[in-house]
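# Notes for the structure review
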Amino acid sequence: MSSHPNNSQLAALSEDEELRASIAEVVERRLARTAQPAGGQRGSSGLESAGGSVEGGLEGVRPPRLQRAAASALEVATASAPSAERAAVDRGDFGQVAHGGLEAIVLLAGRPVFFVRENRIVIPENADISGLMLDRVNKALPKVEPLLPSIGRLDVLNALNFAHLGTAWMLRGNVAVTNRHVVEAFVSHGSRGIQLLQNEDGADYSAGVDFVREDGFRGKPAPLRIAKVLHVEPSGGPDIAFVELVSDHPLPKPIELDPDPVKDKQNVMTVGYPAFDDRNDEVEMQRIFGGVYGVKRCAPGQTRNVTGQRFTFEHDCTSLGGNSGSVILNSDNGRAVGLHFSGAYRRTNVAVRASAVLDALARLKPSVPVSRSSKLAADSNADAPAEDDEASRARGPSADELQKRKGYNEKFLRQPLPLPALSEKLERDLLRNNDVLDGELRYHRYSVKMSRARKMALFTACNIDGNALHAVKRTPDKWFLDPRLSPDDQAGEALYARNKLQRGHLVRRLDPAWGTREQAVAGIADTFYFTNCTPQHEQFNPKSWLGLEDYVLDTADAEDIKISVFTGPVLRARDPDYREFKIPQEFWKVIAFCDNNRGELRAAAYLLSQSAHLDDLEFAFGPYKTYQTSVAEIQKRTGLDFGVLREADVFGQESVAAYRLLESPAEMVLG
């Protein structure tokens with residue numbers, strides 16, 4: 001008698017209405033084949049899989065510590081009714097949940113797993129997959145495949161009887177995320193901090209993450225060493241841990257966390273390293289996994305039961321032990337919606353929400369070594385040659401250095417002045433990532449918020465202290481990409497090559513050049529990021545702005561010569577296309593200052609158009625003009641809300657199409 005469920009049984013396993021409609025297609029195709037025994041057959045990689053072969057030969061043997069943890073978890077699972085366990089998950093009470101690596105097969109059809117080879121998802125021609133699911137996977141490939149190099153297998157490197165612990169993936173800079181119960185195999189954590197455990201020989205454990213272990217890979221494993229365990233969430237909280245990796249080569253790029261709440265029945269893909277797991281049915285494991293374990297796999301599925309759970313949601317992607325720490329990717333946009341950590345065979349799998357990972361990441365303190373001295377906590381640069389100073393300067397500050405910048409100060413003037421608020425449309429377009437959780441890129445004396453779609457600034461905000469400015473001699477310009485962002489999210493050098501476009505500062509070079517001389521030089525250097533740059537025709541000269549900031553500073557009372565300046569492009573859908581970018585045709589500036597006589601906040605708004613230059617980027621020439629207008633008009637054109645500055649506008653508070661052509665700064669209305 002066949003061990004496979006019939007059509008009605010399979011349909012009852014799934015809450016996905018679309019899946020029910022297509023599941024018979026999979027079943028008919030499967031039952032048409034001759035049933036094969038579990039042992040002695042070859043997996044799809046051609047490896048002998050009698051009894052389930054294990055790639056690397058180690059994953060099938062669980063470390064004693066994990067065996068004890070799993071046994072304890074199974075006792076909890078056995079003693080607790082399923083409804084009680086589900087209620088514990090709903091409450092976010094993880095101490096009540098058997099999650100010691102209990103990943104699981106949830107659906108026996110319609111939820112395949114695919115090999116990853118050379119960072120491509122391999123879909124076999126005879127896969128047990130419905131046409132509906134195949135369409136979902138194919139549509140997701142362009143978003144998911146570029147992220148595959150950023151997901152690795154977490155191994156202990158010096159254990160005598162085990163290696164593979166779980167999965168980890170790049171999250172920010174050199175930080176990777178995995179599960180708490182994964183790192184608990186080689187560290188302890190509590191009131192005494194994070195401490196390394198020791199192996200059977202009394203040596204401290206050493207661990208690493210291998211990003212290239214795939215089916216068919218025959219090279220020597222080269223895991224990147226875990227230098228530090230940065231953070232382990234305490235028991236009772238979400239199953240999260242952060243580790244710091246070191247390498248002599250560039251690390252894989254981070255995977256972006258999805259800022260939007262996860263939705264029910266959302267199409268997702270789990271990527272990780274499933275290992276042989278005898279807590280699942282071995283016949284079904286053999287059929288689904290082909291006897292090959294411990295290599296990178298991708299498993300499509302859907303979310304379920306996403307409401308009412310504080311830290312978690314459920315999903316039905318196929319998983320096994322070894323998937324702990326796997327990333328759950330939104331199939332539509334390639335962003336991470338969750339961190340897989342637990343499951344129960346033919347019931348459900350559970351993941352930590354991306355929002356919980358974001359919250360933990362925001363609390364992450366500067367890197368602290370683990371307590372005991374060992375290879376795991378050693379200085380990653382101890383044996384590296386000293387970096388050439390000139391090379392370091394040519395590359396610019398690192399992401400970690402830039403993260404220390406304070407940015408725009410909303411308390412700089414005598415009245416608090418927060419950054420402009422974004423409309424709902426701009427909030428959706430705001431570029432955020434794991435290094436820039438709030439979307440604010442902070443530099444010396446100024447901040448930038450970026451448009452994801454346009455790959456350039458929505459606006460900049462800068463503080464200028466006219467009493468402390470320095471005149472610093474200009475050196476040859478060198479522009480940098482901001483290392484906190486992907487190069488793909490910035491309009492870099494390729495936009496400006498071999499044409500009449502120039503790299504236009506939004507925050508002027510000398511605007512942040514105040515404080516001590518050292519601070520002034522640092523402020524100038526920070527203006528040469530492409531995030532502070534917009535394409536402007538060569539006929540658009542910085543003098544187009546007529547020195548507006550300088551004029552305000554010069555006419556202010558000498559006792560308090562401070563201004564805050566907001567600048568940006570007017571981004572329109574009809575802006576002309578050029579080299580895969582859209583080129584802004586207008587720019588705006590809002591200057592805020594306090595009247596020293598009464599201490600009242602004042603604001604003046606300006607608009608400059610370069611549209612006459614943009615009919616032909618290769619040959620166009622033409623005049624430019626500067627206008628004073630209202631803050632309300634700038635709000636209307638940009639979707640920004642300047643709050644109190646609209647009431648403080650010296651030009652008027654109504655959004656009327658009123659403009660005053662300026663031929664010189666002296667024509668400005670300032671009071």
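Rules used in this analysis
Every chain is numbered independently, its residues counted from 1 as its sequence is written. Given that this is a predicted model, residues contribute local features only at a pLDDT of at least 70 and side-chain atom pairs are listed and counted only at 80 or more, while totals for whole chains, interfaces and linings are drawn from all residues. With hydrogens and water set aside, each side-chain value is computed from the structure's full complement of heavy atoms. Secondary structure follows DSSP: runs of H or I at least 4 residues long count as helices, runs of E at least 2 residues long count as strands, and numbering of each begins at the N terminus. Per-residue accessibility, obtained with a 1.4 Å probe over protein chains only, is compared with the maximum for each type, and a residue is labelled buried under 20%, exposed over 50%, and partly exposed between these values. Contact definition: two residues touch when any of their heavy atoms are within 4.5 Å. Each accessible area value is a Shrake-Rupley result obtained with a 1.4 Å probe; residue values ignore everything except the protein chains displayed when judging cover. Under the pairing criterion, centres of Phe, Tyr and Trp rings, with the six-membered ring standing for Trp, must be within 6.5 Å; the plane angle then separates stacked pairs below 30 degrees from edge-to-face pairs above 60, leaving the rest tilted. Every case where a carboxyl oxygen of Asp or Glu lies within 4 Å of a side-chain nitrogen of Lys or Arg is listed as a salt bridge. When DSSP finds at least two bridges between two strands, those strands are taken to pair. Convention adopted: a line fitted to C-alpha atoms gives each axis, helices being fitted over their contacting stretch, and angles between N-to-C directions are expressed from 0 to 180 degrees. Within this scheme, the nonpolar core is defined by two criteria: the residues are buried Ala, Val, Leu, Ile, Met, Phe, Trp, Tyr or Cys, and they are joined through side-chain atoms within 4.5 Å. The predictor attaches a confidence to each residue, and that confidence, scored 0 to 100, is pLDDT.

Looking at an unreviewed UniProt entry, the protein carries the name Endonuclease G, with the source organism given as Tahibacter aquaticus.

Across its full length, the protein holds 15 helices and 30 strands. Counting over 671 residues, the protein shows a buried share of 54%. Sequence-distant contacts, at least 24 apart, represent 72% of the contacts inside the protein between residues at least 6 apart. As presented, the protein carries roughly 29,200 Å² of accessible surface, and 50% of it is formed by carbon and sulfur atoms.

Quick look at the packing of aromatic side chains now. Tallied over the full model, the rule gives 11 aromatic pairs. Between the aromatic rings of Tyr408 and Phe566, the centroid separation amounts to 5.7 Å while the plane-to-plane angle is 55 degrees, which identifies the pairing as tilted. Of this pair, Tyr408 sits in the loop between α10 (399-402) and β17 (421-422) while Phe566 sits in strand β23 (residues 562-570); the two residues are 158 residues apart in sequence, bridging distant segments of the chain. Among the residues examined, Tyr408 registers a relative accessible area of 8% and is labelled buried. In this structure Phe566 comes out as buried when scored by relative accessible area, which is 0%. With a centroid separation of 5.8 Å and an interplanar angle of 45 degrees, the aromatic rings of Phe480 and Tyr529 are classed as tilted. With Phe480 in the loop between β20 (456-465) and β21 (501-505) and Tyr529 in the loop between α12 (517-525) and β22 (533-537), this residue pair connects regions lying 49 residues apart in the sequence. Like Tyr529, Phe480 is buried. Chaining the aromatic ring pairs together yields one cluster made of Tyr408, Phe566, Trp588 and Phe642.

Attention now moves to the pattern of salt bridges. In this structure the tally under the stated criterion is 20 salt bridges. Linking Glu256 and Arg335 is a salt bridge whose minimum nitrogen-to-oxygen distance equals 4.0 Å. Of the two residues, Glu256 is situated in the loop between β10 (241-246) and β11 (267-272) and Arg335 in the loop between β14 (327-330) and β15 (336-344); the sequence distance between them amounts to 79 residues. For Arg335, a relative accessible area of 16% puts it in the buried group. Two residues, Asp482 and Arg484, come together in a salt bridge whose shortest N-O distance is 2.9 Å. Residue classification places Asp482 among the buried positions, given a relative accessible area of 0%. The exposure class of Arg484 is buried, given its relative accessible area of 3%. Taken together, the shared-partner salt bridges in this structure form one network comprising Arg572, Glu586, Glu633 and Arg637.

The next thing to look at is the sheet that holds strand β4 (residues 164-172). On the basis of which strands lie adjacent, the closed barrel formed by six strands has the order β3-β4-β5-β10-β9-β8 and antiparallel pairing. Averaged over all pairs of adjacent strands, the angle between strand axes in this sheet comes to 45 degrees, irrespective of strand direction. As judged from the four bridges shared by strand β5 (residues 175-178) and β10, these two strands associate in the antiparallel manner. For Thr178, the partnering residue across the bridge sits in β10 and is Ala241.

Let us look at the nonpolar core. Formed by 38 residues in total, the largest nonpolar core has its most connected members in Ile121, Trp169, Phe242 and Val357. Tyr408, Leu413, Ala461 and Trp588 belong to the second largest nonpolar core, which has 29 residues in total.

The subject of this paragraph is the confidence of the model for the protein. Across the protein, the average pLDDT comes to 74, with 69% of residues at 70 or higher. Here helix α3 (residues 64-79) stands out as the element of the protein with the lowest mean pLDDT, 34, in contrast to strand β19 (residues 446-451), whose mean of 97 is the highest. Under a pLDDT of 50 for its full length, residues 1-101 has, in the predicted model, 186 contacts with residues more than four places off or in other chains. This model gives residues 611-623 a pLDDT under 50, and the stretch forms 32 contacts once residues within four places in sequence are excluded.

Here we come to unusual backbone geometry. Here Arg498, not a glycine, exhibits a phi torsion of approximately 55 degrees, which is positive. Overall, the relative accessible area of 72% leaves Arg498 in the exposed class. One non-glycine residue with positive phi stands out, namely Glu580, at about 70 degrees. As for its placement among the helices and strands, Glu580 is situated in the loop between β24 (577-578) and β25 (581-582).

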